[in-house]
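# An overview of the molecular structure
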Amino acid sequence: MSGDTPLLTVRGLRKHFLVRGQSGWGGKQRLHAVDGVDLFVRRGETLGVVGESGCGKSTLARLLVRLIEPDVGDVIFDGAAVAARGGISVRALRRAVQMVFQDSLASLNPRLTVEATIAYAPIVHGAPVAEANRRARAMLAQVGLVPEQFADRYPHELSGGQRQRVNIARALALEPRLLILDEAVSALDKSVEAQVLNLLLDLKDELDLTYLFISHDLNVVQYLSDRVLVMYLGRVVEVGPVEAIYERPAHPYTRALLAAMPTMDPDARADEPPLQGDPPNPIDPPSGCRFRTRCAFAEAACAAVDPPLAAVDGAGGEVLEPDHANAGAHYASCLMSVAGSGHSRAPARIGVAA
């Protein structure tokens, strides 16, 4: 495929879950977990995905590898649509895209040794047992665990950092091209977290990997990512290069997240929480902009108009479709970024006096 073609493209991905009514006996209601997500991941980059708990990050990850079936939407891997006629099968997708989960212990079978755990997927995909075991030991060495010391151990005999290295080795055993890391370092001590992050950077260079890195830790995302995608209540509210997101955030929600980042500078600490209240109920999301119920800049237009992703830099607030060929583009889903949107803070249309 062309080098300009994204490795992974997602268009209009949606997943609603049917849940019981509040009384427990009423009719089923729809929980809007992921609600029309568009994204792309270019070859060799790391896309960081951030947002509060419940925003849909983990559901999105599971949709991408078909652990959950989407209601609607397209997932295109290396130019081929997943589970479509003439496209790529789910089985082939799972060879090329692997996940590393947050809970390192729950992710491992307690009855299998480390070697058997890593060798399992290659065997399922047709590798001879001897070849799979050889690959398992090679992967252990690749993630910094001496095969002679760790191959015959069981998960309960390992520390949290060692277990997560085993999970990474297991994910790499099928030689994937894309690794989805869902809070993969959030349960680790800070010193161990730093070691695993540096390992991920080394592996990315050595194995020519692409990462989709999901985390609530904005400092870690800034360290690891090339671009950042911000989710709120099942939708993308901002996406762009890491420098643009952290230095020039355009969406009020992104600014609130960054204001809540821990800091060692006493003068930079906030006296008041940057956000008030809890996110709205995903069963009954607000009309228009979903962030308006917590936004200090909300106006009447925000309740009436569902804001599109609009270019933030250098386009006069014109609404544009996110350009998959332009990794430097910066977009925000906020009426304050859309020319002529009706919000008092919106830019004027190009060629029209303010």
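Check the entry above for the structure.
What you see is a predicted model, and the numbers here were worked out from it, not measured in a lab.

Turning next to the overall build of the chain. When helices and strands are counted, the chain shows 11 helices and 12 strands. Looking at the 354 residues of the chain, the share that counts as buried comes to 50%. For the chain, the share of sequence-separated contacts (at least 6 apart) that also reach a separation of at least 24 residues comes to 65%. When the accessible surface of the chain is split by element, carbon and sulfur atoms take 49% of a total near 16,800 Å².

Attention now moves to the pattern of salt bridges. Applying the stated criterion to the full structure yields 16 salt bridges. Linking Arg 235 and Asp 306 is a salt bridge whose minimum nitrogen-to-oxygen distance equals 2.7 Å. A residue pair is termed long-range when its members are at least 10 positions apart, and Arg 235 in strand 10 (residues 235–241) and Asp 306 in the loop between helix 11 (300–304) and strand 11 (310–311) qualify at 71 residues. By sharing partners, the salt bridges in this structure join Asp 35, Arg 235, Arg 290 and Asp 306 into a single network.

By size, the foremost hydrophobic cluster in this structure holds 59 residues, and its most contacted members are Ile 118, Ile 168 and Tyr 246. Apart from residues lying up to four places away in sequence, Tyr 246 is in contact with Leu 218, Val 221, Gln 222, Val 228, Leu 258 and Met 261. Judged by nonpolar contacts, the second largest core, of 37 residues, contains Leu 47, Phe 77, Leu 178 and Tyr 331.

Before going further, it helps to spend a moment on the packing of helix 3 (residues 114–124) against helix 6 (residues 160–172). At a minimum axis distance of 8 Å, the contact between helix 3 and helix 6 shows a crossing angle of 30°. Between helix 3 and helix 6, the crossing angle belongs to the class labelled roughly parallel. In terms of crossing hand, the pair formed by helix 3 and helix 6 is right-handed. Within the contact between the two elements, helix 3 uses Val 114, Thr 117 and Ile 118 and helix 6 uses Val 166, Ala 169 and Arg 170. Tallied by class, the residues present in the contact of helix 3 with helix 6 amount to four nonpolar, one polar and one charged.

Next up on the list: the sheet that holds strand 7 (residues 178–182). Within a sheet, neighbouring strands are paired by backbone hydrogen bonds and run either parallel or antiparallel to one another. Spatially, eight strands are ordered 6-7-8-3-9-10-12-11 in an open sheet, and the strand pairing comes out mixed. Two strands close off the open sheet at either side, each with one partner strand: strand 6 (97–100) and strand 11. Against the sheet, helix 6 touches strand 6 and strand 7, its axis set at about 170° to strand 6. Set on the sheet, helix 7 (residues 190–207) makes contact with strand 3 (46–50), strand 7 and strand 8 (210–214); between it and strand 8 the angle comes to about 155°.

So, about the packing of aromatic side chains. To describe a pair of aromatic rings, you give the distance between the ring centres and the angle between the ring planes. Counting across every chain of the model gives three aromatic pairs. Measuring from ring centre to ring centre gives 5.2 Å for Tyr 232 and Phe 291, while their planes differ by 90°; the resulting arrangement is edge-to-face. One end of the pair, Tyr 232, is in strand 9 (residues 227–232); the other, Phe 291, is in the loop between helix 10 (252–259) and helix 11, with 59 residues separating them in the sequence. Residues Tyr 232 and Phe 291 agree in their burial class; the two are buried. Through a chain of ring-to-ring contacts, three or more aromatic side chains come together here, namely Tyr 232, Tyr 253 and Phe 291. The ring centre of Phe 150 lies 4.4 Å from the NZ or CZ of Arg 153, which sits over that ring. The ring of Phe 40 has Arg 227 sitting right over it, with the charged end atom 4.1 Å from the ring centre.

Attention now goes to the side chain of Gln 164. Note that Gln 164 resides in helix 6. Beyond its immediate stretch of four places on either side in the chain, Gln 164 contacts Val 100, Phe 101, Gln 102, Ser 104 and Ala 184.

Looking now at the packing of helix 3 against helix 4 (residues 129–142). Where helix 3 meets helix 4, the axes come as close as 8 Å, and the angle between the chain directions of the two elements is 125°. Considered as vectors, helix 3 and helix 4 are oriented oblique to each other. Taken as a pair, helix 3 and helix 4 cross one another with a handedness that is right-handed. Of the residues in helix 4, those touching helix 3 at Val 114, Glu 115, Ile 118, Ala 119, Pro 122 and Ile 123 are Val 129, Ala 132, Asn 133, Arg 135, Ala 136, Arg 137, Met 139 and Leu 140.

Glancing now at unusual backbone geometry. The residue Ala 83 is not glycine, and still its phi comes out positive at about 60°. If you trace the backbone, Ala 83 turns up in the loop between strand 5 (80–81) and helix 2 (90–96). In this structure, Glu 175 is a non-glycine residue whose phi angle is positive, near 55°. When you line up the elements, Glu 175 lands in the loop between helix 6 and strand 7.

Take helix 1 (residues 57–64) next. Most of helix 1 is tucked away: six of the eight residues are buried. Among all positions in helix 1, only Lys 57, Thr 59, Leu 60, Ala 61, Leu 63 and Leu 64 are buried. At the exit of helix 1 stands Arg 66, carrying a positive phi of roughly 60°.

Glancing now at the environment of Val 19. Residue position: Val 19 is located in strand 1 (residues 8–19). Of the residues examined, Val 19 reaches a relative accessible area of 23% and is grouped as partly exposed. Note: C-alpha distance between Val 19 and Gln 29 (10 residues apart in sequence) is 5.3 Å.

For the rest of this paragraph, the subject is the sheet that holds strand 5. Within the open sheet, the four strands sit side by side as 2-1-4-5. Their pairing is antiparallel. Edge strands, defined here as strands with exactly one partner in the open sheet, are strand 2 (29–41) and strand 5. As paired elements, strand 1 and strand 4 (residues 72–77) share five bridges and run antiparallel to each other. Across the sheet, Leu 8 pairs through a bridge with Phe 77, a residue of strand 4. Across the sheet, helix 1 touches strand 1, strand 2 and strand 4, and the angle it forms with strand 1 is around 115°.

Rules used in this analysis
Residues numbered from 1 in each chain as written. Predicted model: local features only at pLDDT ≥ 70, side-chain atom pairs only at ≥ 80, totals over all residues. Heavy atoms only, no water. Helix = DSSP H or I, 4+ residues; strand = E, 2+ residues; numbered from the N terminus. Buried < 20%, exposed > 50% of the residue type's maximum accessible area, 1.4 Å probe, protein only. Contact = heavy atoms within 4.5 Å. Areas by Shrake-Rupley, 256 points an atom, 1.4 Å probe, with all protein chains shown as cover. Salt bridge = Lys/Arg side-chain N within 4 Å of Asp/Glu carboxyl O. Core = buried A, V, L, I, M, F, W, Y, C linked by side-chain atoms within 4.5 Å. Axes fitted to C-alpha atoms, helices over the stretch in contact; angles between N-to-C directions. Parallel < 35°, antiparallel > 145°, perpendicular 65-115°, else oblique. Left-handed = near helix turned anticlockwise from the far one by under 90°. Nonpolar A, V, L, I, M, F, W, Y, C, P; charged D, E, K, R; others polar. Pairing = 2+ DSSP bridges. Phe/Tyr/Trp six-rings, centres within 6.5 Å; stacked < 30°, edge-to-face > 60°. Lys NZ or Arg CZ within 6 Å of the ring centre and 35° of its normal.

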